[in-house]
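# Fold and contact review
Chain by chain, the residues:
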Amino acid sequence: MELYQQDPYCQSVATTIAATTFVKKRPAVLVERNILYPGGGGQPFDRGSLLVGGAEVPVERAVRVEGQVFLVLAGPAELDAGQEVELRLDWPRRYAHMRCHSGSHVLMGAVKRRLSDYVAKGIDIQDGGRACTIRFEGAWQPAPQEAQAFIEQSNQVIAENRAIEVVEFADLGQAIAQAGEIYRGPREMSGPVSIVTVAGWDANPCGGTHVRAAGEIGPLRLAGCETGKVRFEID
Ligand SMILES: [Zn+2]
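Cut-offs and rules
- Residues numbered from 1 in each chain as written.
- Predicted model: local features only at pLDDT ≥ 70, side-chain atom pairs only at ≥ 80, totals over all residues.
- Domains from an automatic or database assignment.
- Contact = placed C-beta atoms within 7 Å.
- Nonpolar A, V, L, I, M, F, W, Y, C, P; charged D, E, K, R; others polar.
- Core = buried A, V, L, I, M, F, W, Y, C linked by C-beta atoms within 7 Å.
- Buried ≥ 20, exposed ≤ 12 C-beta atoms within 10 Å, placed from the backbone.
- Helix = DSSP H or I, 4+ residues; strand = E, 2+ residues; numbered from the N terminus.
- Pairing = 2+ DSSP bridges.
- Axes fitted to C-alpha atoms, helices over the stretch in contact; angles between N-to-C directions.

## Describing the domain arrangement of the chain
- Here the chain is described as being made up of domain 1 (3–89) and domain 2 (94–233).
- One C-alpha centre belongs to domain 1, the other to domain 2, and the line joining them spans 28 Å.
- At the junction of the two partners, domain 1 supplies eleven residues and domain 2 supplies 15 residues.
- Broken down by class, the residue content of the side of domain 1 that touches domain 2 amounts to five nonpolar, five polar and one charged.

## Some thoughts on the nonpolar core
- Counting residues in hydrophobic clusters, the biggest one holds 34 residues, and the most contacted among them are V106, L107, V111, I134 and V230.
- Broken down by secondary-structure element, the contributors of at least two residues to this core are helix 2 (91–114), strand 7 (119–126), strand 8 (131–137), helix 3 (144–159), helix 4 (172–179), strand 10 (193–198) and strand 13 (229–233).
- With six residues, helix 2 is the largest single contributor of residues to this core.
- Counting 22 residues, the second-largest nonpolar core is a separate cluster that includes V31, I35, L79 and V85.

## Looking at the sheet that holds strand 7
- Taken together, four strands build an open sheet; the order of strands is 7-8-13-12 and the sheet is antiparallel. Here the strands that pair on one side only, and so sit at the sheet edges, are strand 7 and strand 12 (221–226). Between one strand and the next, the sheet's axes are offset by a mean angle of 20 degrees, whatever the strand orientation.
- In the sheet, strand 8 pairs with strand 13 via five bridges, with the strands oriented antiparallel. Across the sheet, residue R135 finds its bridge partner in strand 13, namely K229.
- Helix-sheet contacts for helix 2 involve strand 7, strand 8 and strand 13, and the interaxial angle to strand 8 is about 35 degrees.
- Running at roughly 135 degrees to strand 12, helix 3 makes contact with strand 12 and strand 13 of the sheet.

Okay, here's the thing in structure tokens:
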């Protein structure tokens, strides 16, 4: 499990430059301990900075390339492999994404309860973490009243401040057995699997970052629905 999944609240870490390189002709580094999320699964990438001596080098984005997370720098910087640095996360940006992303898990749990043939098709976090669209397949005629009911069920879970946990399992079979009836993820995946659980409500494989307690999300507001989509906003 990556550091940003183990402790999504970690905002800075002492680390060492493992390599300097280029990603799409932009200067980039690999670090030994990384806390920046490279994006994926509908959650945008993180930004941050590297502190070297008294200087601050902005990190424009983290990006995953062939299994490794590179930190793309805003411009050229004098960094060398072996150098000790402090890596800082742009926390307000990340936290907004984390809250919104967690809200999508809660809402998907509500929609799944209504649609027995629910198949998740992803999420899109927008407006800097203030809005999110969940996408799914299943027999559902979009109806604002019903979508509003999904939101209200979600807000009940959020008001109950249910725990949100990520647990890694050796394989998907073990994960599904542990999650039980609330599991709504794919039935086939290879290798170790990280399952994100909203206590008693939702369980799904996910590699993103999430808040620890549903109350941190704050209430969802319905922002629209159409075939296979429900959109919400948060403050
Ligand atoms: Zn997630």
